[in-house]
Every structure is written in structure tokens, then in C-alpha cells.
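Observations on the model geometry
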Amino acid sequence: MTGPGTPSSRCPSRCAPRRKARTRESRWPRRRVPSRRRQRSSRRGMIRRPPGPAGGWAAAAPRAHGAGRATEAGGAAPQDGGGGGHGAGRGRPRRCWRAAGAAGDSAAMLRNGAVAGAGGGPVAGAGAVHRPVRVWCDGCYDMVHYGHSNQLRQARAMGDYLIVGVHTDEEIAKHKGPPVFTQEERYKMVQAIKWVDEIAPGAPYVTTLETLDKYNCDFCVHGDDITLTVDGKDTYEEVKTAGRYRECKRTQGVSTTDLVGRMLLMTKAHHSNIGPKGHSPWTGVSQFLQTSQKIIQFASGKEPQPGDTIIYVAGAFDLFHIGHVDFLEKVHQLAEKPYIIAGLHFDQEVNRYKGKNYPIMNIHERTLSVLACRYVSEVVIGAPYAVTADLLDHFRVTLVCHGMTEVVPDKDGSDPYEVSCQLLLSMLLCQCLADTLWLCSCS
């Protein structure tokens, strides 16, 4: 017989009366969970670490009355509101953070005003004050080519101000061997690259935190190749350990060793296809493939404005070196608002008037080398050897400049600058350091 309160033979689990066992734990009252107000008050005088493996709450160091909140090493501190606002003056932690001012902290202010967290990612910070990000690069920069320029371009894109340290001849000879160019020439070559804001002559071969702090740099940037000292140690070991190191992609298809190999072996394979597999026969470096994106990255994208003096220069500009920089610098000084257009001849044309295995760099490599120069505004790829009236009219050229080097006649034996000189109203001469530069004015 079944009834209320008696177990059922069919469903004992459902109909059986549930009697709570009186255990030892149930005799005592339950632990009260503190309210949110108590939790907040217990956190008074605490600061919160930024997101990362060391997240959470930590005790704040004692501070004087009216002083800003304490900053942990390698972390961030809550932002102090100057006056009123909710919780002002009560020691209550705010939810707005700003970058710590510690010298060894790698979490630097990003260019958009956000704060870099412990993991390197941006953390939104309301009211964060923008501080320019200073980037450090260093190297030998001997026989500067477009691979060096591309590295500096990528480094400059990571911050707001780029400082490039250049090693001395003595330092390079100690760790690698004697350089080709002198340190003064290498200083000037690096300064001519348009993404460089400042150079640091005589930079140490081993990059240390002391060097970064001396120039107030947030971090240093280097390629993904390893640089070793004469003892076999990584030159960036100290800054890597401190988290103040960034890497950029290496430019494929170019190296100083490959360029030296082209000169020594006197080959012409680099003018078109290097080989059936597209690799250099002496270094194994893959062939450089020009793309429109790469040209866009190097080009200034600026068009001539009203009042600009458009100056045209033409040549091979092979193995862009200090002589080219001196020439273009003097041309740039000829006008108050210069707009320099460099015409680059095709490989076959350069080989015709220079012979042997010239040019050492093909037309695509020479284009990027010239575009990286701060004095050049535009490049004509495959410019005609003779400066014609159509060319001058198309680009609205005001001046035509050429160095005091031998001018090889055109294929038909004519002077390539004859037409431009006939259209000129005057011819000017100026002294350019030890060299002389002649200019043709066409207006």
C-alpha cells in the first residue's frame, strides 16, 4: 500500500522522502561571502598589474600625500586623475593605465596612444599621453644597397623616430675585417637614406641597454640573420633578454657577398635571368623579383607642386655610392624647392656605353637604390639615353644636370644632351666639392 510520504515500489527514487543527513559541517553556520563593497575596500592601496602572466592585484608601495601611484618594475600604474571624479582621493584603483617610466621597461607607448602590455600587445588607455617611439638600428652599412634601405624602412615604420648607429672602421676590422668604404663615407651614405632621422657615429659593435638608454630609444630593430662578435657571441643578446629587441624581414635576392661576386666573376647573368633555377651561381642567393608593391613602399608618392623647380638627371647609378650622394646633394641645393627626377638607363644601354659586365646591379635593383635617397623625388625606369624635347616637355623640366664625367655619344654618334642644350636659355657652372657639375637651364 502506497501513500503520501511512503516509498513507492515503482519509483522509489522519486517518491521516497528526502531526509537531509545531519553532518558535522551542517551544524555550523555557512561562511558569509563578502559583499562587493567589502571586496573593493579590501583592495584599497592595491594596484593592478597589466594583463599577462604576472596579472592580478599587488600591494602598492607607500607614497607621500598627493604623490602619484607607485609603479611596479616592468608593469604599469593606474593613472592619477588630477581632481574630482568618482573615487578621487579615496585611494580606489582606477581602470585607466599608462606606461611605466622605468628605464628597463620594454612596454612602450605605441604611436596611436595605446600602451604596450607585458605581452607586447596594445592595451587601451583612456587619456594616455602620446610619446614618440624612438627606434634604434646599428650596423656596418658598408657598400650600402637597397637591402639596407629596406631594413631601415621597416624599422622606421615601427616607431616615430629612427636613430642609426654606424660602427667605426676599427670595430668592423676587429670583428669582421676591413671595410670597403671609410667610416666618414658610410656615415654620409646612411644619412642620405630618407627613412633615417639621425645617425650615431661610432656606435659600439655590441648593442647594450646602456646604448639604448643613452639615445632614449625604446627598442632596437635588426634583421632575422644572426650577428656574432669575434668571440662567437650574439651582439644583441643583452637587449633580447631585456625584451627590447624587434626583428624585421630580410630582403630576398640581395647581399653584399653577392654583389662582390658579380664584380669578381665578371658575369652578365644578373642583367636578365641568373640561371635556370633562379639562384646566384656563387652565393645561392635567390634572384631579386621586382614587384609593384616594393616600388610603392620605396617611392615618395609626391607630385611636383606649383613653385617647384623640376630638375632632371640621368645615368646608370650603378652600385649607388658616395659619389652619387654628393652629386645629388649638390643638385638638391640648386633650388629652394627642388623636385629631382632621376632617369635610369636600361641594362643593355648601360652595358653599351660602359662595357665589360656593367651594370653590376640590374635596372630593378638600381631603381630601389635611387628611390631610397632622400634627395630624389621620382625615378624614370628605362629612360632614353638622349634627353629629348618630348621628355623635357612631358616632365616640365626646368634644369638638366650632369656630372663632369665623359659623355659617351649616342648610337648614331650624336650628343645625347644636344637637344636639351639647344632649348636652353643659359648654361650655368657650379663647383661641387672636388667635382664640377654643369647645368642646363630650360625655361
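Residue numbers here run from 1 along each chain, matching the order of that chain's written sequence. Confidence filtering applies because this is a predicted model: local features only for residues at pLDDT of at least 70, side-chain atom pairs given and counted only at 80 or more, and all residues used for totals across whole chains, interfaces and linings. With hydrogens and water stripped out, all remaining heavy atoms of the structure feed into the side-chain values.

With respect to the layout of surface pockets
Spelled out, the test is: Cavity: a set of points on a 1 Å grid over the protein atoms alone where a 1.4 Å probe fits but cannot get out. Pocket: an open set with protein on both sides within 12 Å along at least five of seven lines, its lining residues, like those of a cavity, having an atom within 4 Å of a point. Grid points are joined across faces, edges and corners, and a volume is the space filled by probe spheres set on the points. Comment: elements are numbered from the N terminus, with helices defined as DSSP H or I runs of at least four residues and strands as E runs of at least two. Residues are sorted three ways: Asp, Glu, Lys and Arg are charged, Ala, Val, Leu, Ile, Met, Phe, Trp, Tyr, Cys and Pro are nonpolar, and all the rest, Gly among them, are polar.
Roughly 930 Å³ of internal volume is contained in the largest pocket. Secondary structure elements with two or more residues in the lining of the largest pocket: strand 7 (134–139), helix 3 (146–157), strand 10 (219–223) and helix 8 (256–265). With four residues, helix 3 is the single largest residue contributor to the lining of the largest pocket. Split by residue class, the lining of the largest pocket holds 13 nonpolar, 16 polar and six charged.

Here's the deal with the pattern of salt bridges
Put simply, the rule is: Put simply, a salt bridge is a Lys or Arg side-chain nitrogen that is within 4 Å of an Asp or Glu carboxyl oxygen. For each residue, the accessible area found with a 1.4 Å probe, counting protein chains only, is set against the maximum for its type, and the residue is called buried under 20%, exposed over 50%, and partly exposed in between.
The full count for this structure, using the stated rule, is twelve salt bridges. Close ionic contact of D218 with R131 constitutes a salt bridge, the shortest N to O distance being 2.5 Å. Of this pair, D218 sits in the loop between helix 6 (209–214) and strand 10 while R131 is found in the loop between strand 6 (122–123) and strand 7, placing the two residues 87 residues apart along the sequence. Classification of D218 by relative accessible area gives buried; the value is 10%. Judged by its relative accessible area of 30%, R131 falls in the partly exposed class. Of the charged contacts in the structure, one is a salt bridge between R186 and D169, with a shortest N-O distance of 2.6 Å. Placement of R186 in helix 5 (residues 183–191) and of D169 in helix 4 (residues 169–175) is noted, with a sequence separation of 17 residues between them.

Examining the nonpolar core
What counts, and what does not: In plain words, nonpolar cores are sets of buried Ala, Val, Leu, Ile, Met, Phe, Trp, Tyr and Cys residues tied together by side-chain atoms within 4.5 Å. Here a residue-residue contact requires only that any non-hydrogen atoms of the pair lie within 4.5 Å.
With 49 residues, the main nonpolar core has V164, V313 and L328 as its most contacted residues. It is helix 10 (residues 322–332) that provides the largest number of residues to this core, a total of five residues. Setting aside anything within four residues of it in sequence, one finds V313 in contact with F327, L328, V331, I340, I341, A342, G343 and C401. Judged by nonpolar contacts, the second largest core, of 13 residues, contains A383, V387, L391 and V400.

Quick notes on the sheet that holds strand 9 (residues 198–201)
The following threshold applies: Pairing between two strands is assigned when DSSP locates at least 2 bridges connecting them. Here an angle of 0 to 180 degrees is reported between the N-to-C directions of two axes, which are lines fitted to C-alpha atoms, with helices fitted over the stretch in contact.
Judged by pairing direction, the sheet is parallel, and its five strands sit side by side in the order 9-8-7-10-11 without closing on themselves. Of all strands in the sheet, those with a lone pairing partner are strand 9 and strand 11 (245–248), marking the two edges. Taken pair by pair, the neighbouring strands of this sheet meet at an average axis angle of 30 degrees, ignoring direction. As paired elements, strand 8 (residues 161–166) and strand 9 share four bridges and run parallel to each other. By the bridge assignment, V166 is partnered in strand 9 with P201. Running over the sheet, helix 3 touches strand 7, strand 8, strand 10 and strand 11 and is turned about 140 degrees from strand 8.

Description of the packing of helix 5 against helix 10
Applicable threshold: By the definition adopted for this analysis, an angle is roughly parallel if under 35 degrees, roughly antiparallel if over 145, roughly perpendicular if from 65 to 115, and oblique otherwise. Crossing handedness: left-handed means the near helix sits turned counterclockwise from the far one by under a right angle, and right-handed means the same turn made clockwise.
Remark: helix 5 packs on helix 10, axes separated minimally by 10 Å, with the N-to-C direction vectors making an angle of 55 degrees. Relative to helix 10, the element helix 5 lies oblique. Seen along the crossing, helix 5 lies across helix 10 with a hand that is left-handed. Contact residues: E185, K188 and M189 in helix 5; I322, V325, D326 and E329 in helix 10. In terms of residue class, the contact of helix 5 with helix 10 is made up of three nonpolar, no polar and four charged.

What to know about the side chain of D258
Put simply, the rule is: The definition of a polar contact used here is a pair of N or O atoms within 3.5 Å, where within protein one atom must be able to donate a hydrogen and the other to accept one, and adjacent residues in sequence count solely through side-chain atom pairs.
Its location among the elements puts D258 in helix 8. Of the polar contacts made by the side chain of D258, one reaches the side chain of R262; its length is 3.0 Å.

Let's talk about the packing of aromatic side chains
What counts here: Note on ring pairs: Phe, Tyr and Trp rings are taken, using the six-membered ring of Trp, and paired if centres are within 6.5 Å. Classes follow the plane angle, with under 30 degrees stacked, over 60 edge-to-face and the rest tilted. The rule for a charge over a ring is simple: NZ of Lys or CZ of Arg within 6 Å of the ring centre, and within 35 degrees of the ring normal.
Taken as a whole and judged by the stated rule, the model has four aromatic pairs. Arranged with centres 5.2 Å apart and planes meeting at 85 degrees, the rings of W195 and F298 form a pair that is edge-to-face. Taken as a pair, W195 in the loop between helix 5 and strand 9 and F298 in helix 9 (residues 292–298) lie far apart in primary sequence, 103 residues in all. By the burial criterion, W195 is buried, and F298 matches it. Where Y353 meets Y385, the ring centres are 5.1 Å apart and the plane angle is 35 degrees; that geometry is what we call tilted. Of this pair, Y353 sits in helix 11 (residues 347–354) while Y385 sits in the loop between strand 14 (378–381) and helix 13 (389–394), and the two are 32 residues apart along the sequence. Owing to a relative accessible area of 18%, Y353 belongs among the buried residues under this scheme. The cationic tip of K240 hangs over the ring face of Y245; the distance from NZ or CZ to the ring centre is 4.9 Å. Looking at R352, its charged tip hangs above the ring of Y385, at a distance of 5.1 Å from the centre.

Observations concerning the side chain of D318
In plain terms, the rule: The convention is simple: Lys and Arg are positive, Asp and Glu are negative, and His and the chain ends are not counted.
Inspection of the secondary structure puts D318 in the loop between strand 12 (309–315) and helix 10. Among buried charged residues, D318 stands out as having no salt bridge; its nearest opposite-charge side chain is R366, 4.7 Å away. Engagement of the side chain of D318 in a polar contact is seen with the backbone nitrogen of I360, the distance being 2.6 Å. In this structure, D318 is in contact with H324, Y358, P359, I360, M361 and R366, ignoring residues within four places of it in sequence.

Looking at empty space enclosed by the protein
Across all of its chains, the model carries four cavities of 30 Å³ or more by this definition. Along the walls of the second largest cavity sit V144, H145, Y146, S149, M189, A192, I193, F320, V325, S369, A372 and C373, which together make up its complete lining. Class assignment for the residues of the lining of the second largest cavity results in nine nonpolar, three polar and no charged.

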